[in-house]
Amino acid sequence: MPKTKFALAALAAIMGLGLLTAATAVADDQDVCADESGDVAIAACTRAIKSNRYGGHALAALYNNRCSEYLDKEDFDLAISDCRAAIKSDKAYAMPHQNLGLIYYKQSNYDRAIEETTAAIKLDPKYAKAFGTRASSYSLKGDHDRAIADYNAAIRLDPKSPISLANRCDELAILRQYRAALKDCDESLRIRPNHQNTTRHRAIVYLALGDVDSASRDFANLIEMDPNDPIALYGRGITKLRKGDAAGGREDMTEAKSRRETVPEAFSSYGVTAEAKR
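Quick caveat, the model's predicted, so the values are computed rather than measured.

1. Overview of the packing of aromatic side chains
The full count for this structure, using the stated rule, is three aromatic pairs. Members of the aromatic cluster, joined through ring pairs, are Phe219, Tyr234 and Phe267.

Below is the structure:
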């Protein structure tokens with residue numbers, strides 16, 4: 001009899017250990033879902049969701065995290081489904097609305113992107129990323145004044161965001177506010193040095209301001225980063241023209257247009273043409 005009692009006690013202990021291990025595994029999945037990325041995170045999120053151990057905000061966070069991973073993989077249908085599930089589980093949760101805004105932005109559905117990011121901002125008025133995403137959507141709809149207003153809000157909330165600063169630089173340049181644009185691009189590059197797209201913005205702004213030497217330095221830096229960058233080649237061509245090297249300038253610009261026929265539009269949107277204004 002004592003052996004039987006011991007065996008039952010041992011079995012109970014083993015079963016208890018098994019239950020503890022299973023519970024720990026589910027908790028680990030929740031952490032992996034939040035902290036890891038890619039397929040590893042997706043698998044952990046899925047296991048945690050299917051465990052039926054979570055509800056309310058905890059379940060919403062699992063769905064939202066998996067939505068983010070699907071968004072990174074550009075599996076938009078699954079991402080939308082998960083973000084909708086997150087909102088259903090916690091209607092006060094702003095982040096899945098922001099993620100939906102990003103999805104619709106990537107799909108060029110700017111009205112839906114604005115709708116979702118506006119919902120995120122209503123739930124969390126200090127959500128800088130939502131202001132940034134909505135600003136980008138307004139920009140691509142051609143509503144540059146609203147875009148700048150939203151970038152202003154994003155920068156007030158997160159003054160050290162190089163992305164918002166670079167994007168506002170772009171918007172200000174489109175509106176021909178070149179000095180303010182230059183200030184934003186400078187600050188963005190101070191925080192995130194040698195960022196390719198921001199350096200492109202600044203180089204064209206320098207051209208708009210007539211600062212050919214500074215533009216030349218930025219275009220040279222861009223060509224060092226990527227010798228085949230059509231914007232850098234076209235911009236270098238313009239600087240050569242303005243410095244009197246007509247043959248070299250035309251050669252660079254022809255090469256740039258052979259790589260991207262529409263490259264002059266990147267300059268004309270800022271009010272910059274091949275020939276200097278007189």
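2. Here we look at the environment of Tyr110
Checked against the element boundaries, Tyr110 lands in helix α6 (residues 110–123). Residue Tyr110 is classed as buried on the basis of its relative accessible area of 18%. In this structure the C-alpha to C-alpha distance between Tyr110 and Lys141, which are 31 residues apart in sequence, comes to 7.1 Å. In contact with Tyr110, not counting residues within four places along its chain, are Tyr105, Ser137, Leu140 and Lys141.

3. What about the state of the cysteines?
By definition, a disulfide is the covalent link that joins the sulfur atoms of two cysteine residues. For the coordinates displayed, the defined rule picks out three disulfides. Each disulfide pairs two cysteine sulfurs, and for Cys33 the partner residue is Cys45, the sulfurs being separated by 2.0 Å. Across the S-S bond of Cys33 and Cys45 the torsion is about 90 degrees, and the bridge reads as right-handed. Of this pair, Cys33 sits in helix α1 (residues 2–35) while Cys45 sits in helix α2 (residues 38–50), and the two are 12 residues apart along the sequence.

4. Focus: the pattern of salt bridges
Within this structure, the stated rule accounts for 18 salt bridges. Between Arg47 and Asp29 there is a salt bridge; the shortest N-O distance is 2.9 Å. One end of the pair, Arg47, is in helix α2; the other, Asp29, is in helix α1, with 18 residues separating them in the sequence. A salt bridge links Glu187 to Lys160; the nearest nitrogen and oxygen atoms lie 3.5 Å apart. Remark: Lys160 occurs in the loop between α8 (144–157) and α9 (162–174) and Glu187 occurs in helix α10 (residues 178–191); sequence separation between them is 27 residues. When salt bridges that share partners are traced, they join Lys160, Glu187 and Arg190 into one network.

5. Some remarks on the layout of surface pockets
Gaps between atoms show up when a probe of the same size as a water molecule is rolled over them. Of the volumes computed, that of the largest pocket is approximately 810 Å³. Together, 29 residues line the largest pocket, and Gly132, Thr133, Ser136, Ile163 and Asn167 are the ones closest to its centre. Those elements that place two or more of their residues in the lining of the largest pocket are α3 (56–72), α5 (95–106), α7 (128–140), α8, α9 and α11 (196–209). Tallying contributions element by element places α7 first for the lining of the largest pocket, with seven residues. Residue composition of the lining of the largest pocket, by class: 11 nonpolar, 13 polar and five charged. Computed from the structure, the second largest pocket encloses a volume of approximately 190 Å³. Contributing elements (two or more residues each) for the lining of the second largest pocket: α9 and α11.

About the criteria used
- Residues numbered from 1 in each chain as written.
- Predicted model: local features only at pLDDT ≥ 70, side-chain atom pairs only at ≥ 80, totals over all residues.
- Heavy atoms only, no water.
- Phe/Tyr/Trp six-rings, centres within 6.5 Å; stacked < 30°, edge-to-face > 60°.
- Helix = DSSP H or I, 4+ residues; strand = E, 2+ residues; numbered from the N terminus.
- Buried < 20%, exposed > 50% of the residue type's maximum accessible area, 1.4 Å probe, protein only.
- Contact = heavy atoms within 4.5 Å.
- Disulfide = S-S within 2.5 Å.
- Salt bridge = Lys/Arg side-chain N within 4 Å of Asp/Glu carboxyl O.
- 1 Å grid on protein atoms, 1.4 Å probe; cavity = no way out; pocket = protein on both sides within 12 Å on 5 of 7 lines; lining within 4 Å.
- Points joined across faces, edges and corners; volume = space filled by probe spheres on them.
- Nonpolar A, V, L, I, M, F, W, Y, C, P; charged D, E, K, R; others polar.

Limitation: the analysis is restricted to geometry and does not speak to function.
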